[in-house]
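Chain by chain, the residues:
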Amino acid sequence: MPSLRLGNIAPDFEAETTAGPITFHEWIGNSWAILFSHPGDFTPVCTTELGEVARRADDFAKRNVKLIGISANGLKDHNKWVEDISDFGAKFGPTNVQFPIARITIADEDRKISTLYDMLDEQDATNRDAKGLPFTIRTVFVIDPKKVIRLTIAYPASTGRNFDEILRVVDSLQLGDKHRITTPVNWNKGDDVIVHPSVGNDEAKVLFPEVTFHKQPYLRTTPLKVSE
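Parameters and conventions
- Residues numbered from 1 in each chain as written.
- Predicted model: local features only at pLDDT ≥ 70, side-chain atom pairs only at ≥ 80, totals over all residues.
- Heavy atoms only, no water.
- Helix = DSSP H or I, 4+ residues; strand = E, 2+ residues; numbered from the N terminus.
- Expected span 1.5 Å × (residues − 1).
- Buried < 20%, exposed > 50% of the residue type's maximum accessible area, 1.4 Å probe, protein only.
- Polar contact = N/O pair within 3.5 Å; in protein donor to acceptor, adjacent residues only side chain to side chain.
- Pairing = 2+ DSSP bridges.
- Salt bridge = Lys/Arg side-chain N within 4 Å of Asp/Glu carboxyl O.
- Core = buried A, V, L, I, M, F, W, Y, C linked by side-chain atoms within 4.5 Å.

**Some details on helix H2 (residues 44-55)**
(1) Moving on: In this model H2 runs 17 Å from its N-terminal to its C-terminal C-alpha over twelve residues, within 8% of the 16 Å that 1.5 Å per residue would give.
(2) Moving on: Three or more residues of H2 are buried, namely Cys46, Thr47, Glu49, Leu50, Gly51, Val53 and Ala54.

Here it is, written out as C-alpha cells:
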C-alpha cells in the first residue's frame, strides 16, 4: 500500500492496550492524538521516551492531545515494562504512565498496525525479532480531531525523539487552525508569527493590528497573544 501522507485520514483499527481494548477513531473522539511507535518493550531508548511522555502528561492534556504508543509485544510485557519506565523515570521526576500502549490486535507478530501505518524498519538489519520480522522505527503521527494526519516524523531506532519539538509543532498547528497564521523557523509559542498568505493586506490590518509589513511583500509578521 502507498505511504500515508499529510492530509490523509488516519486508518482506523482495533487494538488491545494497557488501558483496555480500543477502536482508534472512537478513542480519539474530539481530541488531537499522537500515535508513536517503538521497536520493542524493555529497550533502553524507548524506556527513556515513554518516561518523558508520562512526565509531560499535563503539557499534552492542556493542548487536548491524547497519546498512544505502539510496540510489537504482548500486554503482559507491556504491563511489566510500565513498571520499569516508572522506576527509571523517577530519577528525573514523578513518572506515572497513564496513556495506553497498544499491541497489535489478534497477532502482534504479524505487525498489522505497524504495516497499516508504514512504520516498519526496512533498513536496519539488526532491528528485527528472533523470527527475522522487522521491528518498527520511531514514527510519530499527529492526528487532528477530524482524524486527519497533520504531521509525520520518522526517527531511526537508534535516536530518541524530541518531545519539545513535537509539542512545538502541535502549538503551531493548533494556532494556525484558529488564527490564520503560519510560524517561522525556530518559532516557539509567544514568538511573532507570519500572517497566512491567503489574508489580504487590508484584512491583515483588521485581524492583526500590530502587523508589520516587510520589504518582501509576501512577508508580514505579527505578535499573537494567546492564553496558555
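Here the narrative resumes.
**A short note on helix H6 (residues 163-179)**
(1) Moving on: A rise of 1.5 Å per residue sets the reference length of H6, with its 17 residues, at 24 Å; its end C-alpha atoms lie 24 Å apart and thus fit the reference within 8%.
(2) Moving on: Turning to H6, its buried residues number three or more, namely Phe163, Ile166, Leu167, Val169, Val170, Asp171, Ser172, Leu173 and Leu175.
(3) Moving on: For H6, the side-chain oxygen to backbone nitrogen distance between the N-cap and Asp164 is 3.0 Å, and the N-cap itself is Asn162.
(4) Moving on: Backbone geometry just after H6 places Arg180 at a positive phi near 60°.

**Thoughts on the pairing of strand S3 (residues 32-38)**
(1) Moving on: Within S3, seven of the seven residues are buried, which leaves it mostly tucked inside the rest of the structure.
(2) Moving on: Burial along S3 is two-sided: Trp32, Ile34, Phe36 and His38 and Ala33, Leu35 and Ser37, pointing in opposite directions, are all buried.
(3) Moving on: As defined by bridge partners, S3 adjoins strand S4 (residues 65-71) across seven bridges and the pair is classed as parallel. Each residue of the ladder has a partner; that of Leu35, found in S4, is Ile68.
(4) Moving on: Bridge analysis of S3 against strand S6 (residues 138-143) gives four bridges, and the strand direction is antiparallel. By the bridge assignment for S6, Ile34 is matched with Val142.

**Some points on the sheet that holds strand S11 (residues 220-222)**
(1) Moving on: Strands sit in the order S8-S9-S11-S10 across an open sheet of four strands; the sheet is antiparallel. Across the chains shown, the open sheet's two edge strands, defined by having one partner strand only, are strand S8 (181-182) and strand S10 (212-213).
(2) Moving on: Sheet analysis places S10 next to S11, joined by two bridges and oriented antiparallel. Bridge pairing in S11 links Thr212 to Thr221.

**Let's talk about the pattern of salt bridges**
(1) Moving on: Applying the stated criterion across every chain yields a total of eleven salt bridges.
(2) Moving on: A salt bridge links Arg161 to Glu49, with the shortest nitrogen-to-oxygen separation between them at 2.8 Å. Residue Arg161 is found in the loop between strand S7 (149-155) and H6, and its partner Glu49 is found in helix H2; the two are separated by 112 residues along the sequence. Neither residue differs from the other here; Arg161 and Glu49 are each classed as buried.
(3) Moving on: Note that Asp164 is salt-bridged to Arg56, the shortest N-O span being 2.8 Å. Taken as a pair, Asp164 in helix H6 and Arg56 in the loop between H2 and helix H3 (57-61) lie far apart in primary sequence, 108 residues in all.
(4) Moving on: On the basis of relative accessibility, which here comes to 18%, the residue Arg56 falls in the buried class.

**A few points about the nonpolar core**
(1) Moving on: Of all hydrophobic cores here, the largest spans 25 residues; its most connected members are Ile34, Phe36, Phe60 and Val142.
(2) Moving on: Breaking this core down by element, the ones donating at least two residues are S3, H2, S4, helix H4 (75-89), S6, S7 and H6.
(3) Moving on: For this core, the element with the highest residue contribution is H6, accounting for six residues.
(4) Moving on: Counting 18 residues, the second-largest nonpolar core is a separate cluster that includes Ala10, Phe13, Ile68 and Ile143.

Everything listed is a geometric property; what it means functionally is a separate question.
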